[in-house]
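Examination of the molecular architecture
Spelled out, the chains give:
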Amino acid sequence: HNYRLARLNTRHCHNIHYILGALWGSNQPLKQARGHSWGPKEYQFLAEEVPAAESRSLRQDKLVRAHTVEELMAKFHISEFSFVKMDIEGAEKEVFESPTRHQWIPKVRELMVETHDRNNKNCSGAVTQAMTDAGFRVVQSFPDKSHWQRVGG
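Residues numbered from 1 in each chain as written. Predicted model: local features only at pLDDT ≥ 70, side-chain atom pairs only at ≥ 80, totals over all residues. Heavy atoms only, no water.

1. Details of the packing of aromatic side chains
Across all of its chains, the model carries two aromatic pairs by this definition. Residue placement shows R7 over the ring face of Y18; its charged tip is 4.4 Å from the ring centre. (Phe/Tyr/Trp six-rings, centres within 6.5 Å; stacked < 30°, edge-to-face > 60°. Lys NZ or Arg CZ within 6 Å of the ring centre and 35° of its normal.)

Listed below in structure tokens is the structure:
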């Protein structure tokens, strides 16, 4: 549903690549885990990794393709980001704890991220650790949202 809405709402825009899948810290298959406790149910989607043995027994329409930041950078020939806006409903933890985060975080100038500790415990901690380790500082902070800027960038 969200994929169809994104295509509809941006139909007049150019240079947009639509991906039916989820941003994650690995390419491990995912499945819908549980919904949020707020909002209409048709928009509620959280993901969890599916063990390899289980993924073979699930119907393909029950699996969600996971994509990493570095995979998408390579696929679309992106060498750096001026600005990244990230709101991925709890998957921030997997993305910012990924062993490959060191490949893409240094290629970002600024990042605005909304964290979802209510969906995945310590998402904000994972983002803070990864960004400070990479030499970023918080330039603006809100409840569950922070704007990071590369020091000297």
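Read on, since the account is not over.
2. So, the pairing of strand 8 (residues 136–142)
Direction of pairing for strand 8 relative to strand 9 (residues 145–150): antiparallel, over a ladder of six bridges. Counterpart to Q140 in the pairing with strand 9 is H147. The turn linking strand 8 back onto strand 9 is made up of two residues, and D144 within it adopts a positive phi angle of 65°. (Pairing = 2+ DSSP bridges. Helix = DSSP H or I, 4+ residues; strand = E, 2+ residues; numbered from the N terminus.)

3. So, the sheet that holds strand 2 (residues 30–32)
Pairing within the open sheet is antiparallel, and its three strands lie in the order 3-2-4. The sheet terminates laterally at strand 3 (47–49) and strand 4 (63–64), the two strands that pair on one side only. In this structure, strand 2 lies alongside strand 3, joined through three bridges in antiparallel fashion. Bridge pairing links L30 to E49 in strand 3.

4. As for the pattern of salt bridges
Taken as a whole and judged by the stated rule, the model has five salt bridges. Here E54 and K31 are joined by a salt bridge, their closest N and O atoms 2.7 Å apart. Of the two residues, E54 is situated in helix 2 (residues 52–57) and K31 in strand 2; the sequence distance between them amounts to 23 residues. (Salt bridge = Lys/Arg side-chain N within 4 Å of Asp/Glu carboxyl O.)

5. Here we look at the sheet that holds strand 7 (residues 108–114)
Spatial strand order, 6-7-9-8: four strands in an open sheet with mixed pairing. Two strands bound the open sheet, and with one partner strand each, they are strand 6 (81–86) and strand 8. Within the sheet, the average angular offset between the axes of one strand and its neighbour, ignoring direction, is 15°. Of the pairings in the sheet, the one linking strand 7 to strand 9 comprises five bridges and is antiparallel in character. Residue pairing in the sheet places E114 in a bridge with K145 of strand 9. Taken strand by strand, helix 6 (residues 123–133) contacts strand 7, strand 8 and strand 9, and its axis lies near 10° from that of strand 9. (Axes fitted to C-alpha atoms, helices over the stretch in contact; angles between N-to-C directions. Contact = heavy atoms within 4.5 Å.)

6. What about the nonpolar core?
If you look at the biggest cluster of nonpolar residues, it comprises 18 residues, and the most contacted ones within it are M86, F96, W104, L111 and M131. Those elements that provide at least two residues to this core are helix 3 (69–75), strand 6, helix 4 (92–97), strand 7 and helix 6. If one sorts the elements of this core by residue count, helix 6 sits on top with four residues. Residues within four places of M86 in sequence aside, it is in contact with L23, V95, F96, W104, L111, M112, V113 and E114. Judged by nonpolar contacts, the second largest core, of six residues, contains W24, L30, V64 and A91. (Core = buried A, V, L, I, M, F, W, Y, C linked by side-chain atoms within 4.5 Å. Buried < 20%, exposed > 50% of the residue type's maximum accessible area, 1.4 Å probe, protein only.)

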